[in-house]
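Fold and geometry: a report
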Amino acid sequence: MNFLRKTLDKVKPNFEKGGKFYFLHSTFDAMETFLFVPNKVTRTGAHIRDFMDMKRNMIIVFIALLPALFFGIWNTGNHHFLAIGEEPTFWGNVLYGLKKIIPLYIVVYAVGGAIEVAFAQIRKHEVNEGLFVTGMLIPLIVPADIPLWMLAIATAFAILIGKEIFGGTGMNILNPALTARAFLFFAYPAWMSGDKVWISGMMSGENIVDGFSGATLLSQAAAGTTNFVNGLGQSVTLSDMFWGFIPGSVGETSVAAILIGAFILILTGVGSWKIMLSTLIGGITMGLLLNIFAVNSYMALPWYEHLLLGGFAFGLVFMATDPVTAAQTEKGKYIYGFLIGFLAILIRVLNPAYPEGMMLAILLMNVFAPLIDYMVIQSNIKKRIKRLQKINS
Amino acid sequence: MLSKKNIKLLVDPINKNNPITVQVLGICSALAVTVKMKPAFVMALSVIFVVAVSNFIISLLRNGIPKRIRIIVQLVVIASLVIIVDQFLKAYVFDVSKQLSVFVGLIITNCIVMGRLEAFAMSNSPGRSFLDGIGNGAGYGAILIIVSFFRELFGSGTIWNYHVIPQSWYQAGYSNNGLMILPPMALIIVGIIIWVQRGKNRDLIEKN
């Protein structure tokens with residue numbers, strides 16, 4: 001550690017104003033603060049001393065995502081070997097999953113990092129950590145087989161149009177990771193929806209077992225059957241859904257792994273439990289409402305199954321709670337979360353064009369979050385004015 | 001005729017005072033007709049014709065129009081011109097006319113036309129109004145063509161209906177970008193044009 005510190009101190013003057021590599025100063029700054037706690041002290045205004053700077057915040061989200069990532073790696077391999085009719089083994093699954101997932105991460109971080117660094121140099125600010133989590137999230141919400149060039153374009157679009165245009169990390173209206181996914185979903189629907197993309201190897205036409213179906217449970221539900229079966233035609237139990245032995249995007253399938261992440265986020269206070277809770281309640285409410293008016297088997301799907309399927313759990317824990325794009329006021333968080341859950345299930349069940357509604361629901365509420373905050377603040381002002389009038393009269 | 005002042009009338013709306021990217025008028029049709037270049041081009045020509053000629057006619061009549069009914073008079077002129085354009089397109093380029101569908105008719109409500117009549121033709125001479133109309137129509141058309149170029153190239157892989165992206169790319173796994181065909185992408189491209197334009201010409205950035 002000491003050696004590292006000394007080397008850094010030695011080369012630092014080169015990157016300061018007037019130095020040879022000044023144009024790379026934000027890159028240097030990023031590396032330095034990545035390795036060591038920054039020694040900058042706020043000079044003005046009242047502030048609270050806390051070790052939780054943005055980097056530590058992001059690292060915790062990163063750690064919280066690891067269980068879902070590890071499970072996703074295993075699950076990618078597992079479904080692949082089931083589909084080609086080989087006996088899945090633990091290490092075989094992991095190796096295959098790594099082979100598929102690592103390129104996704106390389107592409108996302110290379111493209112996103114290049115854009116982020118370029119903007120940091122041009123705008124003369126530090127390289128922001130937001131990319132760290134965004135880059136971690138993007139591969140988890142796409143199918144493992146997504147072509148890398150599509151992923152590269154989507155990442156560039158998300159970082160550029162979703163974030164940098166609005167001023168970089170902390171200024172964006174839409175969640176960048178979901179922007180990338182929405183871009184892929186609308187731009188290349190053949191690779192983002194349907195029955196083949198969710199199981200690695202099916203799109204490239206490897207030797208798939210006869211009769212093997214890669215339909216996700218949600219597309220089965222949309223097709224009108226709620227007696228879910230897996231690719232081989234065996235029925236899927238509730239515990240399969242909970243543990244995540246179902247096809248889907250890389251990181252979204254295992255509710256158990258996501259719950260571990262949720263605990264980490266809630267315990268450290270990084271993710272808002274209010275948003276998680278209200279999203280959950282919103283989803284349950286819509287699920288129950290649909291059950292009351294059930295005219296087809298999808299609407300009659302029990303509410304707890306909705307929570308286990310598709311991206312609901314993943315979006316609830318990692319996307320809805322994004323501190324930048326969520327509502328900021330405490331009351332607003334309840335409204336924001338509730339509507340996400342409510343709309344997600346509504347879109348999922350009643351709109352045949354979109355098998356999953358979580359992405360669109362979160363993006364929509366991202367847009368409305370500032371309005372919700374405004375409403376909450378205004379109503380608070382009104383309440384206090386009324387109180388004042390009461391006292392005065 | 002082509003004094004410096006008059007050339008300014010023609011050139012200004014194409015860049016510095018562009019109806020779409022600076023005045024933010026006529027956005028709706030820019031979203032709707034820019035999927036392919038050909039309809040966008042025809043639309044651009046139609047708008048140039050309507051703005052220029054209606055500017056000219058209204059400018060001729062400007063001293064005789066009673067103030068209180070001027071909008072109705074303007075609308076009558078615009079509507080007649082649009083009907084002429086519509087019939088002309090139906091007669092000579094029927095397929096494009098079908099693609100443009102209602103949007104030719106909707107030139108009547110295009111804010112650029114009304115805007116120029118109110119802001120310019122009502123208080124300037126016919127010749128200058130005519131040039132102003134051509135300039136504004138061209139400014140609108142230029143954006144339409146830029147947007148449609150990118151939308152057609154990436155959304156359909158063609159330019160002016162000719163395939164420019166080789167078949168071998170498709171076999172190698174390339175596919176057209178479906179988002180480009182959807183209207184939101186037109187808005188995003190217009191946004192990027194606004195970004196680039198204001199990045200180059202910093203005077204255009206609004207102060208708030």
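Residues numbered from 1 in each chain as written. Chains lettered and ligands numbered in written order. Predicted model: local features only at pLDDT ≥ 70, side-chain atom pairs only at ≥ 80, totals over all residues.

The number of helices and strands found in chain A is 16 helices and 0 strands. In summary, chain A has a C-alpha radius of gyration of 23 Å against a globular reference of 21 Å for 393 residues, a match within 12%. Based on the C-alpha atoms only, the size of chain A along its principal axes is roughly 70 × 65 × 35 Å. Across chain A, the fraction of contacts at a sequence separation of at least 24, relative to all contacts at a separation of at least 6, is 70%. (Helix = DSSP H or I, 4+ residues; strand = E, 2+ residues; numbered from the N terminus. Rg over C-alpha atoms; globule rule 2.2 N^0.38 Å. Contact = placed C-beta atoms within 7 Å.)

Bringing helix α11 (residues 183-200) of chain B into the picture now. All names here are of chain B. Here α11 contains 18 residues, and its C-alpha end-to-end distance of 26 Å stays within 8% of the 26 Å for a straight helix at 1.5 Å per residue. For α11, the full list of buried residues reads Met185, Ala186, Ile189 and Val190. With its buried residues spanning 145° around the axis, α11 presents them on a single face. Exposed side of α11, more than 90 degrees from the buried face: Pro184 and Gly199 are the residues found there. (Expected span 1.5 Å × (residues − 1). Buried ≥ 20, exposed ≤ 12 C-beta atoms within 10 Å, placed from the backbone. Arc of directions from axis to C-beta.)

All names here are of chain A. End to end, helix α3 (residues 54-83) covers 42 Å across 30 residues, agreeing with the expected 44 Å (1.5 Å per residue, within 8%). If you look at α3, its biggest bend is around 35°, right at Leu66, and the proline Pro67 turns up within four residues after that. Gly85 occupies a position one or two residues after α3 and carries a positive phi of about 80°. (Bend = angle between axes of the 7 residues up to and from the residue.)

All names here are of chain A. Assigned domains of chain A: these are domain 1 (1-49) and domain 2 (54-378). When each unit is reduced to the centre of its C-alpha atoms, the spacing between domain 1 and domain 2 is 35 Å. Residue-level contacts link 6 residues of domain 1 with 7 residues of domain 2. By residue class, the composition of the side of domain 1 that touches domain 2 is 2 nonpolar, 3 polar and 1 charged. (Domains from an automatic or database assignment. Nonpolar A, V, L, I, M, F, W, Y, C, P; charged D, E, K, R; others polar.)

Next up on the list: the interface of chain A and chain B. Each side of the interface is counted separately: chain A has 9 residues, and chain B has 8 residues. Elements with a minimum of two residues in the side of chain A that touches chain B: α7 (176-187) and α8 (189-192) of chain A. Among the elements that make up the side of chain A that touches chain B, the one with the highest residue count is α7 of chain A (3 residues). Each residue belonging to the side of chain A that touches chain B can be placed in one class, and the counts come to 9 nonpolar, no polar and no charged.

Moving on to the confidence of the model for chain B. The share of residues in chain B with pLDDT of 70 or more is 99%, and the mean pLDDT across the chain is 90. Highest mean pLDDT in chain B belongs to helix α3 (residues 37-61) of chain B (94); lowest belongs to helix α2 (residues 27-32) of chain B (83). (pLDDT = per-residue confidence, 0-100.)

Right, let's get into the nonpolar core. One recurring pattern in soluble globular proteins is that nonpolar side chains are buried together. Formed by 146 residues in total, the largest nonpolar core has its most connected members in Leu184, Tyr336 and Ile362 of chain A together with Val50 of chain B. For this core, the element with the most residues is α3 of chain B, which contributes 13 residues. (Core = buried A, V, L, I, M, F, W, Y, C linked by C-beta atoms within 7 Å.)

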